[in-house]
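Chain by chain, the residues run as shown.
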Amino acid sequence: MAKMIRVTQAAGAVTSTSDDEVILINAEMIVRIDDTDDNYAGDCRILLSDGSAIYVIESQSALFDSINT
């Protein structure tokens with residue numbers, strides 16, 4: 001069974017947090033988790049197996065905890 005994790009997708013680098021959206025993603029589709037630069041939205045970029053990327057406000061350690069619990 002697929003493990004779904006809840007993440008908060010960052011709406012933008014300069015918009016308010018009220019524009020952020022909570023989504024579920026399949027943890028099995030995660031290829032890599034990177035920190036973002038200051039010019040990008042959120043704290044981390046999640047690269048998925050389909051080639052897309054999601055920018056989220058969770059830290060790398062919080063994401064690893066979500067995946068491994």
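Now for a description of the structure that goes with this document. Computed from a predicted model, the values in this text were never measured in an experiment. (Residues numbered from 1 in each chain as written. Predicted model: local features only at pLDDT ≥ 70, side-chain atom pairs only at ≥ 80, totals over all residues. Heavy atoms only, no water.)

## Brief notes about the side chain of Thr36
Moving on, step 1. When you line up the elements, Thr36 lands in the loop between strand S3 (30–35) and strand S4 (44–48).
Moving on, step 2. Of the residues examined, Thr36 reaches a relative accessible area of 18% and is grouped as buried.
Moving on, step 3. A distance of 2.8 Å separates a polar side-chain atom of Thr36 from the backbone oxygen of Gly42.
Moving on, step 4. Each residue touching Thr36, except ones within four places of it in the same chain, is listed here: Ala41, Gly42, Asp43, Cys44, Arg45 and Tyr55. (Helix = DSSP H or I, 4+ residues; strand = E, 2+ residues; numbered from the N terminus. Buried < 20%, exposed > 50% of the residue type's maximum accessible area, 1.4 Å probe, protein only. Polar contact = N/O pair within 3.5 Å; in protein donor to acceptor, adjacent residues only side chain to side chain. Contact = heavy atoms within 4.5 Å.)

## What about the pattern of salt bridges?
Moving on, step 1. On inspection of all chains with the given rule, the structure shows two salt bridges.
Moving on, step 2. Here Arg32 and Asp34 are joined by a salt bridge, their closest N and O atoms 2.9 Å apart.
Moving on, step 3. The shortest N-O distance in the salt bridge between Asp34 and Arg45 comes to 3.0 Å. Taken as a pair, Asp34 in strand S3 and Arg45 in strand S4 lie far apart in primary sequence, eleven residues in all. (Salt bridge = Lys/Arg side-chain N within 4 Å of Asp/Glu carboxyl O.)

## As for the environment of Val31
Moving on, step 1. Along the chain, Val31 falls in strand S3.
Moving on, step 2. Counting along the chain gives 15 residues from Val31 to Ile46, while the straight-line C-alpha distance between them is 7.6 Å.
Moving on, step 3. Contact partners of Val31, with chain neighbours within four places excluded, come to Leu47, Leu48 and Ser49.

## Focus: the pairing of strand S5 (residues 53–56)
Note on strand geometry: in a regular strand, side chains alternate between the two faces of the sheet.
Moving on, step 1. Residue alternation in S5 divides its side chains into a buried set, Ile54 and Val56, and an unburied set, Ala53 and Tyr55.
Moving on, step 2. Both S4 and S5 contribute to a ladder of four bridges, which runs antiparallel. Bridging across to S5, Cys44 finds its partner in Val56.
Moving on, step 3. Adjacent in sequence and paired antiparallel, S4 and S5 are bridged by four residues, among which Gly51 carries a positive phi angle near 90 degrees. (Pairing = 2+ DSSP bridges.)

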